[in-house]
Amino acid sequence: LINRKDHQNTVHCATILKNGKFATGSNDCSIIIYNDKTYEIDSIIKVHNDFILCLIQLSSGVLVSTLADKAIKLFKPNTYQVIQTLTYHKIEFTK
């Protein structure tokens, strides 16, 4: 067993991708895509400005990340280029 430190901070989430690879998201604001056979890094995505809280892949293959700043990023399948960033206003509750 090899102990590696690919992320520079806490890993919050992981998901299995449709191509068999898996992805992890971290407080270091990066997503790492791993090869499912060798467990080596295939890609590192560094386009986030805040902690990554959740990762999921849609049936279309689009990878979705949710961030601590309430943004959502959508990535093209396999190339992991950003398709769109969705941002939302803070919701305030009143008594």
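Quick note: structure is the one above.
Criteria and thresholds
Residues numbered from 1 in each chain as written. Predicted model: local features only at pLDDT ≥ 70, side-chain atom pairs only at ≥ 80, totals over all residues. Heavy atoms only, no water. Pairing = 2+ DSSP bridges. Helix = DSSP H or I, 4+ residues; strand = E, 2+ residues; numbered from the N terminus. Axes fitted to C-alpha atoms, helices over the stretch in contact; angles between N-to-C directions.

**What to know about the sheet that holds strand β6 (residues 63-67)**
So, step 1. Strand order in this open sheet of four strands is β5-β6-β7-β8, and the pairing throughout is antiparallel. Here the strands that pair on one side only, and so sit at the sheet edges, are β5 (52-57) and β8 (82-86). Strand-to-strand twist across the sheet, computed as the mean angle between neighbouring axes with direction ignored, equals 15°.
So, step 2. Pairing geometry for β6 and strand β7 (residues 72-75), over four bridges, is antiparallel. Within the sheet, the bridge partner assigned to V64 lies in β7 and is L74.

**Considerations on the sheet that holds strand β2 (residues 22-26)**
So, step 1. Spatially, the four strands line up as an open sheet ordered β1-β2-β3-β4, and their pairing is antiparallel. Taken across any chain shown, the strands that pair with only one partner, and hence form the sheet edges, are β1 (11-16) and β4 (41-45). Neighbour to neighbour, the strand axes of the sheet diverge by 20° on average, direction disregarded.
So, step 2. In terms of strand pairing, strand β3 (residues 31-34) meets β4 through four bridges, oriented antiparallel. If you follow I31 over to β4, its bridge partner there is I45.

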